[in-house]
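A structural walkthrough
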Amino acid sequence: MFSKEIYTARRKNLTKQVSGGLVFLPGNSDVPFNYPANTFTFRQDSSFLYFFGVKQPDIIGIIDVDSGEDYMFGNDVDIDDIIWMGEQPTMKEFAGKNGVKNAFPLSKVDEFIEKALKQGRKIHFLPAYRAQTKLLSEKLLGIPADEINNNVSEELIKAVVKLRSIKEPGEIEDIERTVDVAYEMHTTSMKSAIPGTKEQEIYGKIEGIALSHGGPVSFPIILSVNGQILHNHHHENILKAGQLMVTDAGAESPMHYCSDITRTTPVGGKFSQKQKEVYETVMNANFEVIKNTKPGIMYKDMHMLSAKVVAQGLKDIGLMKGDVDEAVANGAHALFYPHGLGHMMGMDVHDMEGLGENYVGYDETVQRSNQFGLAFLRMARKLEPGFVITVEPGIYFIPALIDIWKRENKLTDFINYQKLEEYRNFGGIRIEDDILITDKACRVLGKPIPKTVKEIEDLMRNQ
Ligand code: GLY
Ligand code: MN
Ligand code: MN
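These remarks concern the structure in this document. Owing to the predicted nature of the structure, the values given are computational and were not obtained by experimental measurement. Just so you know, the residues in each chain are numbered from 1, in the order the chain's sequence is written. Chain letters and ligand numbers both follow the written order, the letters beginning at A and the numbers at 1. A pLDDT threshold of at least 70 governs which residues receive local features in this predicted model, and a stricter bar of 80 or more applies before side-chain atom pairs are shown or counted, although totals over entire chains, interfaces and linings include all residues. No hydrogens and no water enter the side-chain calculation; it runs on all heavy atoms of the structure.

As for the overall build of the chain
Under the DSSP-based scheme used, a helix requires at least four consecutive residues in state H or I and a strand at least two consecutive residues in state E, with every element numbered from the N terminus. Tallying secondary structure elements over the chain gives 16 helices and 15 strands in all. The C-alpha atoms of the chain give a radius of gyration of 24 Å, which matches the 23 Å a tight globule of 463 residues would have. When the backbone C-alpha atoms are referred to their principal axes, the chain occupies close to 70 × 50 × 40 Å. A simple rule labels every residue: compare its accessible area, found with a 1.4 Å probe on the protein chains alone, to the largest value its type can have, and call it buried under 20%, exposed over 50%, or partly exposed in between. In the chain, which comprises 463 residues, the share counted as buried stands at 53%. In this analysis, two residues are considered to be in contact whenever any of their non-hydrogen atoms come within 4.5 Å of each other. The long-range fraction of contacts in the chain, counting pairs at least 24 apart against all pairs at least 6 apart in sequence, stands at 73%. On the chain, the mean spot of the 53 positive side-chain charges and the mean spot of the 64 negative ones are 4 Å from each other. Using C-alpha atoms as the atom set, the radius of gyration is obtained and then compared with a globule rule of 2.2 Å times the number of residues to the power 0.38. His is not counted, nor are the chain ends, whereas Lys and Arg count as positive and Asp and Glu as negative. Where a charge sits is defined by one atom per residue type, namely NZ (Lys), CZ (Arg), CG (Asp) or CD (Glu).

So this is what it looks like as structure tokens:
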């Protein structure tokens with residue numbers, strides 16, 4: 001946990017952003033895996049963690065915006081729990097750690113909320129992403145579970161996004177520590193990319209690294225020689241010399257901050273000339289964005305910059321043609337780069353995505369495009385110091401997509417479909433780093449992870 005002053009200041013800042021009423025912030029409950037007592041690893045809700053810092057299940061936080069009082073409702077463990085789980089801090093002890101003034105048993109929350117409802121007070125709440133939270137909210141607020149997310153407080157969402165978007169020094173340090181865990185995961189993955197190895201073996205090994213540092217992975221690891229499948233969670237292939245292996249993986253810290261890194265490795269340790277050309281195009285896009293990213297610019301413009309570097313590189317290779325600016329304006333690069341440049345990152349790997357992607361990555365100055373590819377950009381708005389975002393351009397050869405575009409004669413002024421046949425089974429390449437927006441520029445977080453062709457080949461050779 002951070003200090004109680006930090007949690008107290010966050011709750012106070014929240015009350016300044018919300019016009020009145022109560023903020024209702026339920027923490028998460030345990031979720032059964034295959035029978036009630038066999039649960040998934042518990043993960044607290046990130047907004048609850050941000051304002052209350054307590055990791056235990058079944059706690060409800062309430063902030064009274066008008067009086068400034070704060071409350072936690074949760075049960076202390078009894079002797080049966082102690083026998084199975086050991087001693088746990090009491091609610092009062094937790095309150096001592098996060099500065100909350102009022103700690104009550106969970107049974108008291110019903111009457112507390114009932115009273116507020118009777119008084120006609122506004123109760124603000126965030127979108128729920130778990131069924132249990134919806135059911136709890138139904139019971140306490142009297143709104144049908146499937147209507148909960150139609151009654152969320154936009155005012156509260158905007159306030160939480162505003163606060164959580166700017167990372168404090170302690171949060172940045174923690175994120176940086178998890179990037180260092182990702183360093184270990186990714187260098188291990190690179191060294192393991194030996195022909196004959198099963199993807200699953202590497203997957204298990206690097207997930208173990210995250211676990212050994214005290215946290216789970218920050219999202220299910222993507223590790224595949226079929227890197228053209230953007231979020232491939234199938235790990236059954238046996239690596240063959242000459243393939244490219246995409247590893248997109250990060251760790252979560254014990255404080256629940258994330259890393260999200262992607263590297264692409266040549267199985268057997270050496271890029272072919274053809275692979276090197278495409279790889280360096282993606283790498284140049286990643287470098288160009290990092291060189292130009294600073295506060296005050298729109299991240300959408302950085303996405304467009306990365307698209308132009310990708311289109312220019314593919315034109316040099318002979319896969320694209322025509323005017324690069326025009327090609328990008330028409331979305332031709334999206335055949336190869338059909339996703340956005342990056343997203344916010346924090347306690348959620350796609351930070352605050354559950355609150356609504358448009359609140360996090362867009363605002364009144366920038367609306368989501370409906371052009372294929374650009375429409376998937378998660379983060380488009382103006383950057384501010386303290387934002388932590390990912391930079392993750394890629395180039396993919398997706399046979400099914402190529403076939404559709406070719407059949408439709410789509411953007412033939414910009415795409416060389418004939419040459420593309422030679423790349424049909426190429427796979428995919430993504431390179432992803434996590435950056436902090438500083439006062440004047442940006443900084444790549446964590447210990448530098450091998451990225452250039454030489455750095456990767458050297459690491460794989462010298463093991
Ligand atoms: N790890 C998923 C992503 O890069 O967004
Ligand atoms: Mn990733
Ligand atoms: Mn990412």
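Quick notes on helix H16 (residues 453-461)
One turn of the α-helix equals 3.6 residues, which is why residues spaced by three or four share an orientation. Here H16 has its buried residues at Val-453, Ile-456, Glu-457, Asp-458, Leu-459 and Met-460. Looking at the buried side of H16, the elements it contacts are helix H8 (169-191), strand S10 (261-266) and helix H10 (273-292).

Considering the sheet that holds strand S11 (residues 388-391)
Strands are labelled as partners when DSSP assigns at least two bridges between them. Overall, antiparallel pairing links the 3 strands, which are arranged S11-S14-S15 in an open sheet. This sheet does not close on itself; its edge strands, each paired only once, are S11 and strand S15 (442-444). The average undirected angle you get between the axes of adjacent strands in this sheet is 35°. As paired strands, strand S14 (residues 433-437) and S15 are joined by 3 bridges and run antiparallel to one another. Directly across from Ile-437, in S15, lies its bridge partner Cys-442. Whenever a helix is involved, its axis is fitted only over the stretch in contact; in every case the axis is a line through C-alpha atoms, and angles between N-to-C directions fall within 0 to 180 degrees.

Observations concerning the layout of surface pockets
To find the voids left in a structure, one rolls a probe of water-molecule size over its atoms. In this analysis a 1.4 Å probe is tested at points of a 1 Å grid over the protein atoms alone, and where it fits but cannot get out there is a cavity; an open set with protein on both sides within 12 Å along at least five of seven lines is a pocket; lining residues have an atom within 4 Å of a point. Grid points are joined across faces, edges and corners, and a volume is the space filled by probe spheres set on the points. By volume, the largest pocket amounts to about 1100 Å³. Arg-43, Gln-44, Tyr-129, Arg-130 and Asp-348 are, among the 42 residues lining the largest pocket, the residues nearest its centre. Counting residues per element, the lining of the largest pocket draws most heavily on strand S1 (residues 22-26), at 3 residues. Of the residues belonging to the lining of the largest pocket, the class tally is 21 nonpolar, 12 polar and 9 charged. Ten residues, namely Ala, Val, Leu, Ile, Met, Phe, Trp, Tyr, Cys and Pro, are considered nonpolar, four, namely Asp, Glu, Lys and Arg, are considered charged, and the remaining ones, Gly among them, are considered polar.

Observations concerning the coordination of the manganese ion (ligand 3)
Surrounding the manganese ion (ligand 3) are the protein donor atoms Asp-260 (OD), His-343 (NE2), Glu-392 (OE) and Glu-432 (OE), which sit 2.1 to 2.2 Å from the metal. Seen from the manganese ion (ligand 3), its 6 donor atoms lie at angles of 51 to 158°, and the figure they make is irregular. With water excluded from the atoms, a metal site may look incomplete; its donors are any N, O or S atoms within 2.8 Å, or within 3.2 Å for Na, K and Ca. When the donor residues of the manganese ion (ligand 3) are listed from N- to C-terminus, their spacing reads D-x82-H-x48-E-x39-E. Separating the manganese ion (ligand 3) from the manganese ion (ligand 2) is a gap of 3.2 Å, bridged by Asp-260, which donates to each. Taken together, the residues Asp-260 in the loop between strand S9 (244-249) and S10 and His-343 in the loop between helix H12 (324-329) and helix H13 (357-361) connect sequence positions 83 residues apart. The class for Asp-260 is buried, based on a relative accessible area of 3%. A relative accessible area of 3% means that His-343 is categorised as buried. Only four donors with every angle between 85 and 135 degrees are called tetrahedral; only four or six donors with opposite donors over 155 degrees apart and all others between 65 and 115 are called square planar or octahedral, in that order; all others are irregular.

Focus on the sheet that holds S10
Reading across from one edge, S8-S9-S10 is the order of the 3 strands in this open sheet, with antiparallel pairing throughout. The open sheet has two free edges, formed respectively by strand S8 (222-224) and S10, since each of these has just one partner strand. Here the average twist between neighbouring strands, direction ignored, is 15°. Note: S9 against S10, 6 bridges, orientation antiparallel. Looking at S10, one finds that Thr-247 is bridged to Arg-263. Helix H9 (residues 199-212) contacts S8 and S9 of the sheet and is inclined by roughly 150° relative to S8.

Remarks on unusual backbone geometry
Even without being a glycine, Asp-58 presents a positive backbone phi close to 65°. Relative to the assigned elements, Asp-58 resides in the loop between helix H2 (46-52) and strand S4 (60-64). Unusually for a residue other than glycine, Leu-411 sits at a positive phi of about 50°. Within the element layout of this structure, Leu-411 appears in the loop between helix H14 (399-407) and helix H15 (417-420). The partly exposed category is assigned to Leu-411, whose relative accessible area is 21%.

Here's the deal with the coordination of the manganese ion (ligand 2)
The expected angle between donors at a tetrahedral four-coordinate metal is 109.5 degrees. At an octahedral six-coordinate metal it is 90 or 180 degrees. Taken together, the protein ligands of the manganese ion (ligand 2) are Asp-248 (OD), Asp-248 (OD), Asp-260 (OD) and Glu-432 (OE), with distances of 2.0 to 2.5 Å. Note that the manganese ion (ligand 2) binds 6 donor atoms; their angles at the metal cover 56 to 167°, and the shape is irregular. Donor residues for the manganese ion (ligand 2) sit on one chain with the sequence pattern D-x11-D-x171-E.

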